[in-house]
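# Geometric and topological summary
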Amino acid sequence: MLRWAAIAAVALLLALLPLYGDAVTIQYGINALLVAVLAQAWNILGGFTGYASFGNSTFYGLGTYGTAIAMAQFGLPFWTGLLLGAALAMLCALLVGIPILRLRGPYFAIATLGLSAALSALVANLDIAGRNIGLILPLTRNDTLFYEASLALLAAATLAVAWLSASRFGMGLIAIREDEDAAAVMGVNTTLYKVVALVLSALFTAVAGGIHAYWITFIDPASAFDSTLNVRMVIMTVFGGPGTVLGPVVGAFILSAIYEALASSISTAAALFFGIVIVLAVIFMPRGLVDLGWGFRRMGPRYLLETVRQYRL
Amino acid sequence: MSDALAPLLEARHLTRRFQGLVAVNDVSFSLGEGEILGLIGPNGAGKTTLISLISGTLVPDEGELLFAGRRVERLAPFRRAHLGIGRTFQVMKPFPGLSVLENVTVGALFGTGGGERNRARARERARAMLDFTGLAQRVDQRAEALGGPDRKRLELAKALAMQPKLLLLDEVMAGLNPVEVDEVVGLIKRIRDEGVTILVIEHVIKAIRSLSDRVFVLHHGQKIAEGDPAAVFRDPRVVEAYLGKRRA
């Protein structure tokens, strides 16, 4: 009960930020919220089933382009654009997922790796997508709107994951992560479950891409299909706690804050220090922040030693 | 005894090859409803492969498999689980990061007929299975923290929570001491009394003898003997397969 009250209080505080925050804070907030959505969406497949997707930057790009094409080329409203982008990304997830989610383990990750490069090349040759010049969306100076939309999307993604972790479907996904052969002979339709998780992941990722596109107002193939964005999704989820409800959100917020602080104080060495933070995190809390929290409550600082020993580092 | 029972499972000329090796070679047998069939044979005889062909983990190269009168040899493992085929793994496959209770709950949530969709009721069924298999004290432990004998019990509880019609047991007694073997033999008999048909692979001959209505023997992937346990263990071909030619 107390936990839910705390979560509601934080959500309210975040929702009211445009009332007390300055323009820079709100802009930082939009970025942090959207990145948290991406981490949470990646968590649906990666955290629950253990299948590391490198195709999520593709879904992000499709959400971006779907929204941009609808608004810039056809003059359709923002919400229609979001729908179009989400539909494109989910269709892509379905078409890609059905054949390659039959693959086990690392083959899935490898098969998704080339996807964003391929789609980036594709849109760079499409007239309707502005070729390699990109597209300019109608300008709307309303950061409060973008902020609240991003927050609502993060809330929706987190509620979806909360439902997952309490549902039969989510239990099936977790069983796949823990032992896929055992899950299959116990009656889990493994391929279907993995594909549905990927499609759900694509939905939230694409909507985040669409919001970002309208906010930034300019997109091109390189920024829309940026595979380093996918790496950030993985890092933030793993940092926070894969397969948990709040881990990816907390991980995304903390890493965004660290990066922002480093970038403003020691701009040139920021990336280096960010890397050191990640390395330390992987050594001392390979199961993420959430597990660190549980471990500390159970055994105090000894937790750090135990995990280092357990993972033979 | 088996002649009087309608066959629940019928294998016709099952063959499975791995590159050059014929792991299961033209094996036919049937299993009556409510029967316990013992499957024995030396290491590498193809016993686990045969179980995998029945559970769907492997697909046969040739032959037919009928379950309750229906062809199943090409069905995906989860569909066979929904029909009521449950198995344990010789190389145990717990869900290591989950608690003992969650492990068994997965069986109850999926399993026969697609399982119990309500998570609370599934958890209740899982608890009952843990009581039955003697793991009630371990419900909240992580599966990876269990010792060998408890892992065997967990395998059994997971399969039982599926409420299978046919239970395939792959060496659930290996590594247990004689007292534990007797306990598991008692459990298996009680499971059969609930109406479950059982195919059991075992190296513990005493257990097989006291459990099985019928025994069949695999050697180099082929069936070399089948019938009443006492008679099969006297069969010179079986003695030879186990002990080598000279002793026979």
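Structure shown above.
A brief report on the enclosed structure follows. Computed from a predicted model, the values in this text were never measured in an experiment.

Here the focus is the overall build of chain A. Within chain A, the secondary structure is distributed over 17 helices and 2 strands. Each principal axis of the C-alpha atoms in chain A carries an extent, and together these give about 55 × 50 × 40 Å. A burial count over chain A gives 50% of its 313 residues as buried. For chain A, the proportion of contacts with a sequence separation of at least 24, taken over those separated by at least 6, is 77%. One way to put it: in chain A the 15 positive side-chain charges average out to a point 10 Å from where the 13 negative ones average out.

Note: most peptide bonds trans; most residues except glycine with negative phi. All names here are of chain A. Even without glycine at this site, R131 takes up a positive phi of about 45°. In this structure, R131 sits in the loop between α7 (115–123) and β1 (135–136). We note that T217 has phi near 65°; this positive angle belongs to a residue other than glycine. As for its position among the elements, T217 is in the loop between α11 (190–216) and β2 (218–219). Note on T217: relative accessible area 13%, which makes it buried.

Turning to the sheet that holds strand β6 (residues 85–87) of chain B, a few remarks are in order. Residue and element names in this part refer to chain B. Strand order in the open sheet formed by 6 strands is β6-β7-β8-β3-β9-β10, with mixed pairing between adjacent strands. Bordering the open sheet on either side are β6 and β10 (222–227), each of which pairs with just one other strand. When strand polarity is set aside, the average angle formed by the axes of neighbouring strands in this sheet is 20°. As judged from the 3 bridges shared by β6 and strand β7 (residues 166–170), these two strands associate in the parallel manner. Its bridge partner lying in β7, R87 is registered against L168.

On to the layout of surface pockets. Any space left empty among the atoms is revealed by the rolling of a water-sized probe across them. All names here are of chain A. Quantified by volume, the second largest pocket comes out at close to 490 Å³. When residues in the lining of the second largest pocket are grouped by element, the largest group, 6 residues, is from helix α3 (residues 23–49). Classifying every residue of the lining of the second largest pocket gives 16 nonpolar, 5 polar and 4 charged.

Turning our eyes to something else, we now look at the sheet that holds strand β4 (residues 62–67) of chain B. Residues and elements named next belong to chain B. In space, the 4 strands of this open sheet follow the order β2-β1-β4-β5, with antiparallel pairing throughout. Where the open sheet ends on each side, the last strands, each with one partner, are β2 (21–32) and β5 (70–71). Two strands pair when backbone bridges link them, and strand β1 (residues 7–18) and β2 are joined in this way by 8 bridges, in the antiparallel orientation. Bridge pairing in β2 places R16 opposite V24. Lying over the sheet, helix α1 (residues 47–55) contacts β1, β2 and β4, oriented at roughly 60° with respect to β2.

The rules we used
- Residues numbered from 1 in each chain as written.
- Chains lettered and ligands numbered in written order.
- Predicted model: local features only at pLDDT ≥ 70, side-chain atom pairs only at ≥ 80, totals over all residues.
- Heavy atoms only, no water.
- Helix = DSSP H or I, 4+ residues; strand = E, 2+ residues; numbered from the N terminus.
- Buried < 20%, exposed > 50% of the residue type's maximum accessible area, 1.4 Å probe, protein only.
- Contact = heavy atoms within 4.5 Å.
- Lys, Arg positive; Asp, Glu negative; His and termini not counted.
- Charge placed at Lys NZ, Arg CZ, Asp CG, Glu CD.
- Pairing = 2+ DSSP bridges.
- Axes fitted to C-alpha atoms, helices over the stretch in contact; angles between N-to-C directions.
- 1 Å grid on protein atoms, 1.4 Å probe; cavity = no way out; pocket = protein on both sides within 12 Å on 5 of 7 lines; lining within 4 Å.
- Points joined across faces, edges and corners; volume = space filled by probe spheres on them.
- Nonpolar A, V, L, I, M, F, W, Y, C, P; charged D, E, K, R; others polar.

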